[in-house]
Amino acid sequence: MNKALRLMFWGYLFIFFRLQIGIDLLAAPIGYYMIYSGARIMTQYVPVSKKVEVTAFIGILISVPGVFINLPEVTDGVWLIYAHVLLIWKMITVYYLFTAWKEVWRGAGQSLIRQRMQLVYMLYMIVHFTFLLSMAFSLNIGGTFELWLIFNSVAVVGMDIVLLITMAALRRAVPEEMK
Amino acid sequence: MKIRPFWVILTVAIISWIVNYAYAESKKLAEPVFVDHYYDLRPDEAIFQTFYYVANKEDTEMPWSVEFGDRQGAVETYMDEVQNIETFGRYALRSFTVQFLDYPEVEKIERFKEMTVHFTERSVTVPIGEVVMKPPQESRGAFTETMHSGGRYDRSILVPEEDLTITSVHTSFDTQLKDQLFIKLHSKKAALKLKSSVDVTEPDEAFWKKASGIDARTVEFPFTIPAGEQFVVSMMDEVKPRAALEFDLLVEGLDASDEPFIWTAVYQSQPQFTKQEIKQLIEKRTEAKADE
C-alpha cells in the first residue's frame, strides 16, 4: 500500500507540474501511468480503486498531446478546450482517489485522518470548481475579473501542493493490515 | 461530498463553460476594429503616431507596419507580445506606435479614411476615421506671448505685437466633426461681430459655458486684434463615438503689413472608453461593413 501511495504522489506531481523545455519533461501521461500502477496495487485491498485505474488509464491516453503543447500559453481554439478537458479529468481522477482513500481509512480509530481528508477534499474541489467557473466566465468578462483569475490560479496551485502534502501524510498512516 | 453533488457541480461547470465559449465565439471579431482617429500628420516633423484598436482579447497577432496609400510606416515594437490597455468583456483595447520612415514629400493635402495594417499573420484594410497628410508649413511668430494649456478644455492665450487681422480659426476636421468640436474666441477690445442667423448647438457642460468668449462658428471674420491685446482661443470636443484626436488648431490672418501668417497649436485627446462605447464602436463598424 505504501508503494501505491508513493506512486500516486509522484504521479500527481507529474500531472499538475509542468517543466516545459521544448516539451513537458514532467509529462502528464507518465503521471497518469504512475497513478494507474498505484491504483492497481490498491485494488488488491480496496476494490473501489478500480475506478481510479480506469480513470488514470484514460488519462494516459488523453494527456499525450499535452506533452508537446505549452498549454498554459494557449488562449484560443481547440487547445483551449483541450486544456479544460485535462483540468476536468484531473479533478475526476482526484475525486476517485479520495473515494478509494476513504475506503482504506474507514476503520474505527481513524476518524481524524478521515476528517483531514474530508477537509482537503472539500477545499480542493471548491477551489478547482471556482477556478473552472471563473475560467468559463473570463471568456466574456474583462477588467478587474482578470485579477480574480490570477488569484484563483495561485489558489489552484496551492491546493495541488496541499494535496501532495496530504498524500505524503497518508503514507505514514497506512493501516497495519494493509502495509 | 457524496457522488451526486460532485457530478452535479461538474455538469453545471461544464455547461457554463460551453455556454460562455459559444457566446464568446458568437461575438468574436473577424478582424480588429480601429477607433476613429482624427490626425494631422506633417512630414517636416519626426512623426511617431499612436493608433488604437479593439481586438479579441485572446488574439496574439502583432502589428508590424501600416500603409496609407503608398506611404508606409513601421510599428515600433517594444515588447514580444501584445499588451492590453484595458479589457472590456471579451475584447481588449490595444495600441501601437507608428514611425513614418523615408517619408515621401507631401505636396498637397492628402486625406485617408482607411489604413492597411500588416499583422503577423494577415493584412487588413480598416476604416480609421480620417488622417490628413499635410505639406510642410512655415509658421510665423505673429504673437509675442503665447500660452497653451490643456485640461477639461484647451486654452491658448495669444498676444500680438502689432495689430493683426484674423481671417480664420479652424482645424482640418471642422466639417467631419461638425457639432462635436467647439471653439470659443475672446478678446476684450477686439470687436467680434456675430453673424446673423447662425444657430449652433453648444455642449451642455458648465465649465464650457463659463469659459469666456463666443462660439467661433458665429463670429464674423475677419476682425482685428489690437497690438498688446489678449486674444483667447478655447477648444473642446465631444466626439462620438470616442476618437483619438491629434490635430492642429490654426489661427490664420494678416499682419500690419498685410503679410499672411499662420499660428498653430496641437489639440490632443486620447480615447478612454466605457464598455458600452466599445460595443457602440463595434456595432458602428459592423453595420458599415454590412452596408458595403
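These notes cover the structure that comes with them. (Residues numbered from 1 in each chain as written. Chains lettered and ligands numbered in written order. Predicted model: local features only at pLDDT ≥ 70, side-chain atom pairs only at ≥ 80, totals over all residues. Heavy atoms only, no water.)

1. Brief notes about the overall build of chain B
Then step 1. Scanning chain B from N- to C-terminus turns up three helices and 18 strands.
Then step 2. Its C-alpha atoms give chain B principal-axis dimensions of roughly 90 × 45 × 35 Å.
Then step 3. Taken over 292 residues, chain B has a buried fraction of 46%.
Then step 4. For chain B, the share of sequence-separated contacts (at least 6 apart) that also reach a separation of at least 24 residues comes to 71%.
Then step 5. Approximately 15,400 Å² of chain B is accessible, and the part contributed by carbon and sulfur atoms is 49%.
Then step 6. Side-chain charges of chain B comprise 33 positive and 50 negative groups, with the mean position of each set lying 10 Å from the other. (Helix = DSSP H or I, 4+ residues; strand = E, 2+ residues; numbered from the N terminus. Buried < 20%, exposed > 50% of the residue type's maximum accessible area, 1.4 Å probe, protein only. Contact = heavy atoms within 4.5 Å. Areas by Shrake-Rupley, 256 points an atom, 1.4 Å probe, with all protein chains shown as cover. Lys, Arg positive; Asp, Glu negative; His and termini not counted. Charge placed at Lys NZ, Arg CZ, Asp CG, Glu CD.)

2. Things to note about the interface of chain A and chain B
Then step 1. At the interface, 29 residues of chain A touch 23 residues of chain B.
Then step 2. Of all residues in chain A, Tyr95, Phe129 and Asn140 of chain A bury the most surface against chain B, accounting for 27% of the area lost on that side.
Then step 3. At the surface where chain A touches chain B, the tally comes to zero salt bridges.
Then step 4. Applying the counting criterion to the chain A and chain B interface returns five residue pairs in polar contact (both at pLDDT 80 or more).
Then step 5. Counting only elements with at least two residues in the side of chain A that touches chain B, the list comes to helix H5 (77-104) and helix H6 (111-138) of chain A.
Then step 6. Its residues assigned to classes, the side of chain A that touches chain B comprises 18 nonpolar, eight polar and three charged. (Buried area = accessible area lost by both parts, 1.4 Å probe. Salt bridge = Lys/Arg side-chain N within 4 Å of Asp/Glu carboxyl O. Polar contact = N/O pair within 3.5 Å; in protein donor to acceptor, adjacent residues only side chain to side chain. Nonpolar A, V, L, I, M, F, W, Y, C, P; charged D, E, K, R; others polar.)

3. Re the sheet that holds strand S13 (residues 181-186) of chain B
All names here are of chain B.
Then step 1. Within the open sheet, the five strands sit side by side as S10-S11-S16-S13-S14. Their pairing is antiparallel. Only two strands of the sheet have a single neighbouring strand rather than two, namely strand S10 (143-149) and strand S14 (214-215).
Then step 2. With six bridges joining them, S13 and strand S16 (residues 231-237) adopt antiparallel strand pairing. Across the sheet, residue Lys184 finds its bridge partner in S16, namely Ser234. (Pairing = 2+ DSSP bridges.)

4. Let's talk about the side chain of Glu61 of chain B
Then step 1. Position of Glu61 of chain B among the secondary structure elements: in the loop between strand S3 (48-56) and strand S4 (63-68).
Then step 2. In this structure, Glu61 of chain B is in contact with Pro32, Tyr53, Val82, Phe119, Thr120 and Arg122 of chain B, ignoring residues within four places of it in sequence.

5. A look at the packing of helix H2 (residues 28-43) of chain A against helix H3 (residues 50-62) of chain A
Residues and elements named next belong to chain A.
Then step 1. In contact at an axis separation of 8 Å, H2 and H3 are set at 160° when each is read in the N-to-C sense. With respect to each other, H2 and H3 are oriented roughly antiparallel. Between H2 and H3 the crossing geometry is left-handed. On the side of H2, the interface is formed by Pro29, Tyr32, Tyr33, Ile35, Tyr36, Ala39, Arg40 and Thr43, while H3 contributes Lys50, Val52, Glu53, Ala56, Phe57, Gly59 and Ile60. (Axes fitted to C-alpha atoms, helices over the stretch in contact; angles between N-to-C directions. Parallel < 35°, antiparallel > 145°, perpendicular 65-115°, else oblique. Left-handed = near helix turned anticlockwise from the far one by under 90°.)

6. Things to note about the nonpolar core
Then step 1. Judged by nonpolar contacts, the single largest core of 51 residues is most densely connected at Met42, Trp101, Met125 and Leu163 of chain A.
Then step 2. Listing elements by their share of this core, those giving two or more residues are helix H1 (2-16), H2, H3, H5, H6 and helix H7 (145-171) of chain A together with helix H1 (3-26) of chain B.
Then step 3. Among the elements that take part in this core, H5 of chain A stands out by supplying 13 residues, more than any other.
Then step 4. Those residues within four positions of Met42 of chain A in sequence are excluded, and the remaining contacts are Met1, Ala4, Leu5, Met8, Ser49, Ala100, Trp101 and Val104 of chain A. (Core = buried A, V, L, I, M, F, W, Y, C linked by side-chain atoms within 4.5 Å.)

7. Comments concerning a nonpolar patch on the surface
Then step 1. There is a patch of nonpolar side chains on the surface, built from Val54, Phe57, Ile58 and Leu61 of chain A and spanning about 350 Å² of accessible area.
Then step 2. By the element assignment, Phe57 of chain A lies in helix H3. (Patch = residues over 30% accessible without salt bridge, like charges linked within 9 Å, V, L, I, M, F, W, Y side chains within 5 Å.)

8. What to know about the layout of surface pockets
Residues and elements named next belong to chain B.
Then step 1. Considering only enclosed or pocket space, the second largest pocket measures out at about 780 Å³ in volume.
Then step 2. Lining the second largest pocket are 29 residues, with Leu29, Val33, Ile282, Glu283 and Thr286 sitting closest to its centre.
Then step 3. Elements with a minimum of two residues in the lining of the second largest pocket: strand S1 (33-34), strand S9 (123-133) and helix H3 (275-291).
Then step 4. Looking at the lining of the second largest pocket element by element, the count peaks at ten residues for H3. (1 Å grid on protein atoms, 1.4 Å probe; cavity = no way out; pocket = protein on both sides within 12 Å on 5 of 7 lines; lining within 4 Å. Points joined across faces, edges and corners; volume = space filled by probe spheres on them.)

9. Some details on H1 of chain A
All names here are of chain A.
Then step 1. Counted at 1.5 Å a residue, the expected span for H1 with its 15 residues is 21 Å, and the 21 Å between its end C-alpha atoms agrees.
Then step 2. Of all the residues in H1, the buried ones are Ala4, Leu5, Met8, Phe9, Gly11, Tyr12, Phe14, Ile15 and Phe16.
Then step 3. Looking at the buried positions of H1, the neighbouring elements they touch are H2, H5, H6 and H7. (Expected span 1.5 Å × (residues − 1).)

10. Notes on unusual backbone geometry
All names here are of chain B.
Then step 1. Residues Phe221 and Pro222 are joined by a peptide bond in cis, for which omega reads -5°.
Then step 2. Along the chain, Pro222 falls in the loop between S14 and strand S15 (223-225).
Then step 3. Here the phi dihedral of Asp179 falls at roughly 65°; this positive angle occurs in a residue that is not glycine.
Then step 4. On the basis of relative accessibility, which here comes to 37%, the residue Asp179 falls in the partly exposed class.
Then step 5. Its identity as a non-glycine residue notwithstanding, Asp258 has a phi of 65°, on the positive side.
Then step 6. A relative accessible area of 56% means that Asp258 is categorised as exposed.

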